[in-house]
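One letter stands for each residue in the lines below.
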Amino acid sequence: MNGNLTLGRLGGVEVRIHWSLLVVFTLIVWSLAATVFPSQNPELSDGVHLAMGVVAALLFFASVLLHELGHAWQARREGLEIEGITLWIFGGVAQLKGQFPSPGAEFRIAIAGPVVTLVLGVGFVSLALAGLPSAVDGVAAWLGYINFTLLVFNLIPALPLDGGRVLRAALWRARGD
């Protein structure tokens, strides 16, 4: 028993969640509903703030899942097998089988997730600027901000972050080993 619950398959990739995700989900909903959204949208009720928190947390985890699917689907294009994706307390991880066939393949796999996160960030910020009701605007603005924050964090050149894999691919190409 590893603490994972299989949700199903998306695009041929098995998706699992670890029980620790429930703790993070609860903390995100609570912090958004109790502090962030009331300070941004004081005119809305506590119930609306709670609903905004739940929707934002669900869409946040969907964003993390899409990031990991970006890695997994690109890895499959590069000829690697995918064991699956697990979402857990520190985000998500795509489990790949085998070694990267080339530095270019490692780079493309590593950068695929951040590209997805960038597109999501731009999409959510665009939605926040579209003049929609304040509840939608508040959730979209937070999701844009958090996706851009995750993008910057993930590109730090340290393993196991995506930036570390990008750096490793660049060093592999430069040194040939």
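Structure first, text after, so check above.
Reading the values: rules and limits
Residues numbered from 1 in each chain as written. Predicted model: local features only at pLDDT ≥ 70, side-chain atom pairs only at ≥ 80, totals over all residues. Heavy atoms only, no water. Helix = DSSP H or I, 4+ residues; strand = E, 2+ residues; numbered from the N terminus. Buried < 20%, exposed > 50% of the residue type's maximum accessible area, 1.4 Å probe, protein only. Contact = heavy atoms within 4.5 Å. Phe/Tyr/Trp six-rings, centres within 6.5 Å; stacked < 30°, edge-to-face > 60°. Core = buried A, V, L, I, M, F, W, Y, C linked by side-chain atoms within 4.5 Å. Axes fitted to C-alpha atoms, helices over the stretch in contact; angles between N-to-C directions. Parallel < 35°, antiparallel > 145°, perpendicular 65-115°, else oblique. Left-handed = near helix turned anticlockwise from the far one by under 90°. Nonpolar A, V, L, I, M, F, W, Y, C, P; charged D, E, K, R; others polar. Salt bridge = Lys/Arg side-chain N within 4 Å of Asp/Glu carboxyl O.

Engineer: Mind showing me how you'd approach the side chain of Asn41 here?
Structural biologist: Within the secondary structure, Asn41 sits in the loop between α1 (20-40) and α2 (46-77). Judged by its relative accessible area of 5%, Asn41 is buried. Residues within four places of Asn41 in sequence aside, it is in contact with His49, Met52, Ser134 and Gly138.

Engineer: How should I be thinking about the packing of aromatic side chains in this particular structure?
Structural biologist: Describing an aromatic ring pair means giving the distance of the ring centres and the angle of the ring planes. On inspection of all chains with the given rule, the structure shows 4 aromatic pairs. Relative to Phe90, the ring of Trp88 lies with its centre 5.1 Å away and its plane at 85°, an arrangement referred to as edge-to-face.

Engineer: How should I be thinking about the nonpolar core in this particular structure?
Structural biologist: The nonpolar side chains of soluble globular proteins are, as a tendency, buried together. Judged by nonpolar contacts, the single largest core of 33 residues is most densely connected at Ile28, Phe37, Phe60, Ile85, Leu87, Trp142 and Leu143. Mapped by element, the contributors of at least two residues to this core are β2 (13-18), α1, α2, β3 (81-88), α3 (103-128) and α4 (134-154). No other element matches the 10 residues that α2 contributes to this core. Excluding residues that lie within four positions of it along the chain, Leu87 makes contacts with Arg16, Ile17, His18, Leu21, Phe61, Val64, Leu65 and Gly92.

Engineer: Can you walk me through the packing of α3 against helix α5 (residues 162-175) in this structure?
Structural biologist: Packed helices, taken two at a time, are described by the angle their axes make and the gap between the axes. Where α3 contacts α5, the axes come no closer than 8 Å and their chain directions differ by 160°. When the axis of α3 is compared with that of α5, the two are roughly antiparallel. Considering the relative orientation of α3 and α5, their crossing is left-handed. Mapping the contact onto sequence places Pro103, Gly104, Glu106, Phe107, Ala110, Ile111 and Pro114 in α3 and Asp162, Arg165, Val166, Arg168, Ala169, Trp172 and Arg173 in α5. Here the residues of the contact of α3 with α5 sort into 8 nonpolar, 1 polar and 5 charged.

Engineer: Can you walk me through the side chain of Asn147 in this structure?
Structural biologist: You can see Asn147 is positioned in helix α4. Here Asn147 is in contact with Ser63, Thr117, Leu120, Gly121 and Phe124, once residues within four sequence places are set aside.

Engineer: Looking at this structure, how should I read the pattern of salt bridges?
Structural biologist: Charged atoms that come close allow side chains of opposite charge to pair. Per the counting criterion, the structure on display carries 5 salt bridges. Arg108 is paired through a salt bridge with Glu78; the nearest N and O atoms lie 2.6 Å apart. One end of the pair, Arg108, is in helix α3; the other, Glu78, is in the loop between α2 and β3, and 30 residues separate them in sequence. We classify Arg108 as partly exposed; its relative accessible area is 38%. The partner of Arg168 in a salt bridge is Glu106, with the nearest N and O atoms 2.7 Å apart.

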